[in-house]
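Commentary on secondary and tertiary structure
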Amino acid sequence: MKSHDCHIFMEQLLPIAFGSLPKHVINPLTEISHFFRDICASTLRVDDIIKLDQNIPVILCKLEQIFPPGFFDSMEHLPVHLAYEAYLGGPVHYRWMYPFERFMGDSKRSVKNKARVEGSICAHYLHRETTHFCSHYFNNLVLTPRIIRNPVNVNERSQFTLSVFGLPGRPSGKKVVHWLTQQEMQSAHVHVLINCAEVKPYLEEFNNFYLQSTGVQSTSSVIHDQFPIWFKHRLSGIVTPTPEILHLRSLSEGPNRSANEWHTYFVNGYKFHTETWTEGKKTKNSGVFVKGVTDGGEDDFYGFVKHIYELEYNYLDSENKVVLFYCEWYDPTRGTKIDKTYGTVEIQMGRRYKQYDPFIMSHVVRQVYYVPYPSFVPRKRGCCVVIKTKPLAHIESGDLVEDLPFQVDEVGPINEVIAVEQITSLSDTTVEGYEVEASILLVEDNIDGEHDENVTSDDENDMDEEHDDNDNDMDEEHDDNDNDMDEEHDDNDNDNDVY
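All values reported here derive from a predicted model rather than from experimental measurement.

**So, the overall build of the protein**
For the protein, the count of helices and strands is 15 helices and 15 strands. Residue burial in the protein is summarised as follows: out of 499 residues, 35% are buried. Within the protein, counting contacts between residues at least 6 apart in sequence, those at least 24 apart form 65% of the total. As displayed, the protein has an accessible area near 31800 Å², and 54% of this comes from carbon and sulfur atoms.

Right, dumping it as structure tokens:
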């Protein structure tokens with residue numbers, strides 16, 4: 001794997017790959033993974049750095065209880081100093097190696113004359129810097145890069161254009177005409193209305209009117225069924241309409257029944273594909289995520305894109321278009337599980353959201369992908385872990401940001417590290433294989449002293465008998481040597497007598 005592949009595996013995939021291990025093993029691995037993810041965030045706070053600096057020695061000590069001593073060398077000791085280095089030097093993306101690797105790779109690819117490698121690199125660099133400098137003098141000092149990744153077209157809106165129209169984004173691929181059903185058209189029209197900023201005051205007025213007339217709060221089904229009709233009658237009663245009112249009146253008429261359907265759409269720096277278009281491909285760009293109202297994540301919605309529709313509203317001698325994603329959502333109550341300690345989100349892929357509310361505005365979604373657990377973990381079958389992606393080449397205020405390595409925007413909630421993990425076993429009970437008893441792993445401080453006191457007298461007798469046997473063997477060997485020497489001496493005397 002390349003260096004950035006290891007970067008992704010360490011920060012995102014490590015806890016998923018070893019999810020079948022017992023808690024006293026997987027928890028330190030998850031903590032070291034989150035440590036590297038937090039220390040590489042684009043925004044660091046001093047109090048978060050202090051917590052990271054306090055947690056990393058405990059995490060490494062817990063890892064020493066799992067891995068053999070030969071695993072640890074100077075590289076495993078370096079994380080102890082990373083938090084202090086971040087405290088002195090700031091966020092890590094100002095000094096890590098990925099920009100230099102990208103620059104060196106681009107320089108190597110620019111070589112045209114392999115006999116003069118250095119000269120080709122210098123000539124390409126000078127040409128690129130010259131064109132970059134000259135581009136400041138064209139089109140009101142706006143840079144116009146030749147190639148960008150995930151580009152979007154920003155359409156300038158007129159003074160009286162509603163907020164739902166002219167949003168950044170562009171489709172790609174072959175266009176197909178799709179005729180909306182009555183249910184799809186009604187749901188899409190209501191979704192456009194409630195997401196239009198100019199309609200929000202009328203929606204609040206409708207809620208107050210419904211509360212006063214019925215005595216109960218309006219629900220989503222009530223808004224879906226009654227608000228479009230009430231909104232149309234409310235605008236028709238205005239005697240002196242303003243340009244904004246004229247736009248709202250045309251908006252209340254609803255979109256055309258024929259919509260353009262695409263399989264690819266670029267928005268917010270993301271590249272979205274429909275689910276059918278991603279089948280058989282190596283990459284999956286159909287996962288979507290919509291942030292809920294609360295911060296806990298209980299009302300967040302996760303799903304995937306089934307269709308991409310471009311609705312058209314014809315009014316005021318102009319065409320106003322809005323792009324909606326037709327998504328299939330997972331159940332946010334029974335199908336979503338959030339780990340409060342580490343913030344991991346698990347999705348039960350078989351549980352779907354039953355209510356019919358498939359549409360979402362294209363500019364409010366974020367891209368995610370779902371990573372399944374290993375197949376040999378029965379209790380995790382059908383579950384996937386949600387991993388949020390970061391947009392590439394995101395355009396903000398007209399400035400282009402080049403492709404960046406993976407990096408979270410902010411440090412997540414840093415919890416106190418558990419100093420001592422309760423040891424249960426070395427294997428998961430749901431996985432086939434041998435299991436080591438936990439009692440074998442628990443070593444008390446006085447176990448050596450107890451071992452010395454528990455030596456029995458039988459063991460001492462056996463040791464004495466073994467020592468006596470060794471002495472007897474040595475005496476017998478010594479006697480045999482003396483007899484051999486006496487016999488040899490007698491033979492020598494007889495030889496001398498014969499001579």
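**Considerations on the nonpolar core**
Core analysis: the largest hydrophobic core is formed by 34 residues, its most contacted members being Phe 227, Phe 231, Leu 248 and Leu 251. Those elements that place two or more of their residues in this core are α8 (182-194), α9 (200-214), α10 (220-236), α11 (243-252), β7 (301-315), β8 (318-329) and β11 (359-361). Among the elements that take part in this core, α10 stands out by supplying six residues, more than any other. Not counting residues within four places of it along the chain, the set of residues in contact with Leu 248 comprises Leu 162, Glu 198, Val 199, Tyr 202, Phe 231 and Leu 235. Listed in part, the 21 residues of the second largest apolar core include Leu 29, Ile 32, Leu 52 and Val 92.

**Regarding the pairing of strand β5 (residues 270-273)**
Examined bridge by bridge, strand β4 (residues 264-267) and β5 share four bridges and lie antiparallel to one another. Looking at the pairing, Phe 266 lines up with Lys 271 of β5. Counting the residues that bridge the hairpin from β4 to β5 gives two residues, and of these Asn 268 lies at a positive phi of roughly 55 degrees.

**Regarding the environment of Lys 175**
The topology assignment puts Lys 175 in the loop between β1 (170-172) and β2 (176-179). Residues Lys 175 and Asn 260, 85 residues apart in the sequence, show an inter-C-alpha distance of 6.3 Å. Leave out the neighbours within four places in its chain, and Lys 175 touches Asn 260, Glu 261 and Trp 262.

**Examining the packing of aromatic side chains**
The description of two aromatic rings rests on the distance between their centres and on the angle between their planes. In the structure shown here, the tally under the stated rule is 24 aromatic pairs. Ring centres of Phe 35 and Phe 36 lie 5.6 Å apart, and the angle between their planes is 80 degrees; this geometry places the pair in the edge-to-face category. The exposure classification of Phe 35 matches that of Phe 36, with both residues buried. Through a chain of ring-to-ring contacts, three or more aromatic side chains come together here, namely Tyr 202, Phe 206, Tyr 210, Phe 227, Trp 230 and Phe 231. If you follow Lys 281 out to its NZ or CZ, it ends over the ring of Trp 277, 4.5 Å from the centre.

**What to know about the pattern of salt bridges**
Should the charged atoms of two oppositely charged side chains come close, the side chains can pair. For the structure on display, the rule yields eleven salt bridges. Ionic pairing is found between Lys 291 and Asp 300, a salt bridge with its closest N-O pair at 3.8 Å. Residue classification places Lys 291 among the partly exposed residues on the basis of a relative accessible area of 45%. Residue Asp 300 is classed as buried on the basis of its relative accessible area, which comes to 4%. If you follow the salt bridges from partner to partner, you end up with Lys 306, Glu 328 and Arg 352 in one network.

**Quick word on the sheet that holds β4**
Across the sheet, which stays open at both edges, the three strands sit in the order β1-β4-β5 with antiparallel pairing between neighbours. Either end of the sheet is taken by a strand with one partner, and the two such strands are β1 and β5. Taken pair by pair, the neighbouring strands of this sheet meet at an average axis angle of 25 degrees, ignoring direction.

**Some remarks on the packing of helix α6 (residues 98-109) against helix α7 (residues 117-134)**
Axis separation between α6 and α7 bottoms out at 9 Å; the angle between their running directions is 110 degrees. With respect to α7, the element α6 is oriented roughly perpendicular. Contact residues: α6 offers Phe 103, Asp 106 and Ser 107, while α7 offers Ile 121, His 124, Tyr 125 and Arg 128. A per-class count over the contact of α6 with α7 returns three nonpolar, two polar and two charged.

**Focus: the side chain of Asp 300**
Take Asp 300: it is sitting in the loop between β6 (287-290) and β7. Apart from the residues within four sequence positions on either side, Asp 300 is in contact with Phe 289, Val 290, Lys 291, Gly 292 and Pro 332.

**Some points on the pairing of strand β3 (residues 258-262)**
When you tally the buried positions in β3, you get four out of five residues, the bulk of the element. Where β2 lies against β3, four bridges are found, and the strand directions are antiparallel. Bridge pairing in β3 places Val 177 opposite Asn 260. Where β3 meets β7, three bridges bridge the pair, whose relative direction is antiparallel. Of the residues in β7, the one forming a bridge with Asn 260 is Glu 310.

**What about a nonpolar patch on the surface?**
A grouping of Val 46, Ile 50, Tyr 84, Tyr 87 and Leu 88 is seen on the molecular surface, where their side chains present a nonpolar patch of about 540 Å² in accessible area. In terms of residue count, helix α5 (residues 79-89) provides more of the nonpolar patch than any other element does, three residues in total. Position of Ile 50 relative to the elements: it lies in helix α3 (residues 46-64).

**Overview of the environment of Val 385**
Within the secondary structure, Val 385 sits in strand β13 (residues 383-388). If we ignore the near neighbours within four places in the chain, the residues touching Val 385 are Ile 16, Thr 344, Val 345, Glu 346, Tyr 369, Tyr 370, Val 371 and Tyr 373.

**Quick notes on α8**
In an α-helix, one full turn covers 3.6 residues, which means residues spaced three or four apart are oriented alike. With 13 residues, α8 extends 19 Å between its outermost C-alpha atoms, agreeing within 8% with the 18 Å of an ideal straight helix rising 1.5 Å per residue. Within the sequence span of α8, burial applies to Glu 184, Met 185, Ser 187, Ala 188, His 189, Val 190, His 191, Val 192 and Leu 193.

**Some words on α10**
Look at α10: 24 Å from first C-alpha to last across 17 residues, which is about the 24 Å you get at 1.5 Å a residue. At Gln 226, α10 shows its maximal kink, close to 45 degrees; a proline, Pro 228, follows between one and four residues later. The set of residues buried in α10 consists of Val 222, Ile 223, Phe 227, Pro 228, Trp 230, Phe 231 and Leu 235. Looking at the buried side of α10, the elements it contacts are α8, α9 and α11.

Thresholds applied
- Every chain's residues receive numbers from 1 upward, in the order its sequence appears when written.
- Thresholds applied to this predicted model are a pLDDT of at least 70 for local features of residues and 80 or more for the giving and counting of side-chain atom pairs; totals over whole chains, interfaces and linings are not thresholded and use all residues.
- Each side-chain value is derived from all of the structure's non-hydrogen atoms; neither hydrogens nor water enter the calculation.
- Labels follow the DSSP assignment, with helices taken as runs of H or I lasting at least four residues and strands as runs of E lasting at least two, numbered in each case from the N terminus.
- When a residue's accessible area, from a 1.4 Å probe over protein chains only, is under 20% of the maximum for its type it is buried; when over 50% it is exposed; and in between it is partly exposed.
- Between two residues, a contact is recorded if the distance between any of their heavy atoms is within 4.5 Å.
- The method behind every accessible area is Shrake-Rupley, applied with a 1.4 Å probe, and residues are considered shielded solely by the protein chains displayed.
- For our purposes a nonpolar core is just a set of buried Ala, Val, Leu, Ile, Met, Phe, Trp, Tyr and Cys residues, chained together by side-chain atoms within 4.5 Å.
- Two strands qualify as a pair provided that DSSP identifies no fewer than 2 bridges between them.
- Pairing of aromatic rings covers Phe, Tyr and Trp, the last through its six-membered ring, and needs centres within 6.5 Å; plane angles under 30 degrees mean stacked, over 60 mean edge-to-face, and all others mean tilted.
- In this scheme, Lys NZ or Arg CZ marks a charge over a ring once it lies within 6 Å of the ring centre and within 35 degrees of the ring normal.
- Whenever a carboxyl oxygen of Asp or Glu lies within 4 Å of a side-chain nitrogen of Lys or Arg, that contact is scored as a salt bridge.
- Fitted lines through C-alpha atoms serve as axes, helices being fitted only where they are in contact, and the angles separating the N-to-C directions of these axes extend from 0 to 180 degrees.
- Note on terminology: angles under 35 degrees are roughly parallel, angles over 145 are roughly antiparallel, angles of 65 to 115 are roughly perpendicular, and the others are oblique.
- Residues are sorted three ways: Asp, Glu, Lys and Arg are charged, Ala, Val, Leu, Ile, Met, Phe, Trp, Tyr, Cys and Pro are nonpolar, and all the rest, Gly among them, are polar.
- Each patch is built from salt-bridge-free residues with over 30% relative accessible area, joining like charges within 9 Å and nonpolar side chains (Val, Leu, Ile, Met, Phe, Trp, Tyr) within 5 Å.
- For a helix, the expected span equals 1.5 Å multiplied by the number of residues minus one.
- To get the bend at a residue, fit one axis to the 7 residues ending there and another to the 7 starting there, then take the angle between the axes.

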